[in-house]
Amino acid sequence: MTIDRTTLRWNGWGPVKQPDAIPDGAAQWDWISETLGLARLPVTKAKPLSEIRLAACRLSAETLARLSAIVGANQLRTDDYERAFHARGKSYHDLLYVRAGKLDMAPDAVIYPRSPDEVLAVVKLAAEEDIALIPYGGGSSVVGGINALAKSLGGAVVTLDTTLMTRLIQIDKIAMTATVEAGIYGPALEEALQKHGVTLSHYPQSFQYSTLGGWIAARGAGQQSNRYGKAEKWLVSAKLATPKGFWTTEATPASAAGPNLNQLVAGSEGTLGVICEATVKIHEIPARKDYRGYLFKDFATGVEAARRINHAEIPVAMVRLSDANETYFFQAFSATSQTSLKARLQRAYLRFRGFGDMPCLMLIGHEGERETVVWAQARTEAICKSLGALAIGTNAGHRWYHGRFNSPYVRDPMMDRGIGIDTLETSTRWSNIGNLHKAVTTALTEAMNANMPAEGGRGLVMAHVSHSYPDGASLYFTFVFPRQLDREIEQWQAIKRAASDAILENRGTISHHHGVGTDHAPWLAEEKGPIGYELLRSVKRELDPTGVMNPGKLLG
């Protein structure tokens, strides 16, 4: 089971037919204008595909015939819609180009193989004819990871879409592993697994429109990664089609036979080969789930609670801490939060309890056997209350859980009204969380305010701790700003550069789970160091000597 591409937005997020996440005339628009210091919001609709002219296909008739012979004529596409859909990913940066109709990066053809053997044949043909080959799953990359870059100016590009490769090959309930083809979307994967009473429980925000292979390629993290792990933790083994042939990584539970090569596959971003199949760790479907909220008087105290929960080795599924700006934004963004009597009474009560108007919300999730969940919830609540937190019950947890995939739908209507909204993420040790949070917030704020449109305005930065570990945690930033419509690419580049520099200068990683792609590649060499960076380049040269696999990504 896969998703018909024609039902999805080629220049935005989600289905073509979907309700507007922020309807015209809604009170939220007035609040957004006021928050960003704008007297009015412009109309900046995306350019329709019918008004865009794509470059002619650069593949010869002979090459197209060879590709068609591998997969069949119906699985080789050269129409404008398929090429436009596969031109770029879903980052704010990508959408600036796509919405403006700048599709010079569109692939010359899109090919849909249905088996690893077909994938390998396509990979070998690309290497033989020196054609850039872009592995593509759900296309949800937000770092330029699947953009259709040629090897050189004027070179041909083929995008290889894996989403017809969706078989659940094997479930081993003794070892608790499953082997699955890499093109399967998140919902289809969970449906297939849960029919057998098991789950992977990898739920990134892009879950509805991202694939197993993409999660592995970017070292992705699900929202419940505290319990189930990031991709590199649940990956047991992978089968890749490379220009040198099939490469299957080791699958034993533990080994001292040199470095574990799965760690090269996780995060390889299609630069070493196409992930065709993966064996992953699975779990029994949890008997109980408990998600609830706590309010802290400040961010630092909430961070300390998250650290103590991790060090107490309590089996939590999720610990998510929003800073004061994010807590306030999502409360105020609610259509009723500013007018309802209930909301006013709640704010008055919080001030009475000493929480002021800007508390920080922590959401804690527990999943597993009933007895374990009850015990773990009591332990986490005791830690939170010992640090002065106010327990606010399960309503906040339920609202988040049932709307946890909704945030990406807000971006399209915001971009239709001249507003930029982007995200970035990093991680660092517990002792450095406060410093990194402040440094990146300051860098983003200053860069946004230095790159405002002529009519003025201001930016808003918010952040949350999204994933945590015994030694540290990730920080996930969202920033919203009025766009400089006459130089919006340069505006984004200035903001991104300032934030990325601040991350490395303050001992963070350039990416915790989004990957590197093109957007983070300029900072990778500094993070890895000269020896580590050259080691990665050597692996790339060994597996892909002609450099056709996803050129320009990861290693630049």
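Residues numbered from 1 in each chain as written. Predicted model: local features only at pLDDT ≥ 70, side-chain atom pairs only at ≥ 80, totals over all residues. Heavy atoms only, no water.

(A) The arrangement of the environment of Phe-405 in detail. Position of Phe-405 among the secondary structure elements: in the loop between helix H15 (395–402) and helix H16 (411–415). Separated by 199 residues in the primary sequence, Phe-405 and Ser-206 place their C-alpha atoms 6.8 Å from one another. (Helix = DSSP H or I, 4+ residues; strand = E, 2+ residues; numbered from the N terminus.)

(B) Representation of the packing of helix H17 (residues 433–449) against helix H18 (residues 488–505) within the structure. Packing of H17 against H18 brings their axes to within 8 Å, and their N-to-C directions diverge by 160°. Considered as vectors, H17 and H18 are oriented roughly antiparallel to each other. Crossing of H17 over H18 shows right-handed handedness. Contacts from Leu-436, Ala-439, Val-440, Ala-443, Leu-444, Ala-447 and Met-448 of H17 reach H18 at Ala-494, Ile-495, Ala-498, Ala-499, Ala-502 and Ile-503. Tallied by class, residues from the contact of H17 with H18 come to 13 nonpolar, no polar and no charged. (Axes fitted to C-alpha atoms, helices over the stretch in contact; angles between N-to-C directions. Parallel < 35°, antiparallel > 145°, perpendicular 65-115°, else oblique. Left-handed = near helix turned anticlockwise from the far one by under 90°. Contact = heavy atoms within 4.5 Å. Nonpolar A, V, L, I, M, F, W, Y, C, P; charged D, E, K, R; others polar.)

(C) Summary view of the nonpolar core. Counting 47 residues, the largest nonpolar core has Met-362 and Leu-444 as its most contacted members. With seven residues, H17 is the single largest residue contributor to this core. Ignoring any residue separated from it by four or fewer positions in sequence, one finds Leu-444 in contact with Leu-424, Val-461, Phe-477, Phe-479, Ile-495 and Ala-499. Ranked by size, the runner-up nonpolar core spans 31 residues in total, among them Trp-234, Trp-247, Ile-275 and Ile-282. (Core = buried A, V, L, I, M, F, W, Y, C linked by side-chain atoms within 4.5 Å. Buried < 20%, exposed > 50% of the residue type's maximum accessible area, 1.4 Å probe, protein only.)

(D) Representation of the pattern of salt bridges. Taken as a whole and judged by the stated rule, the model has 25 salt bridges. For Asp-416, the salt bridge is made with Lys-45, and the minimal N-O distance between the two is 3.7 Å. Of this pair, Asp-416 sits in the loop between H16 and strand S16 (419–429) while Lys-45 sits in the loop between helix H1 (27–35) and helix H2 (61–71), and the two are 371 residues apart along the sequence. Among the residues examined, Lys-45 registers a relative accessible area of 59% and is labelled exposed. A salt bridge links Asp-471 to Arg-429; its shortest N-O distance comes to 3.8 Å. (Salt bridge = Lys/Arg side-chain N within 4 Å of Asp/Glu carboxyl O.)

(E) Spotlight on the sheet that holds strand S17 (residues 460–468). In spatial order, the strands read S15-S12-S14-S13-S17-S18-S16; together these seven strands make up an open sheet with antiparallel pairing. What marks the edges here is a single partner per strand, and that holds for strand S15 (390–393) and S16. Each neighbouring strand pair of the sheet contributes to a mean axis angle of 20°, computed without reference to strand direction. Pairing of S17 with strand S18 (residues 472–482), which is carried by seven bridges, proceeds in the antiparallel orientation. Note that in S18 the partner of Met-462 across the bridge is Thr-478. Against the sheet, helix H12 (residues 324–332) engages strand S13 (318–322), strand S14 (360–368) and S17, with an angle of about 105° to S17. (Pairing = 2+ DSSP bridges.)

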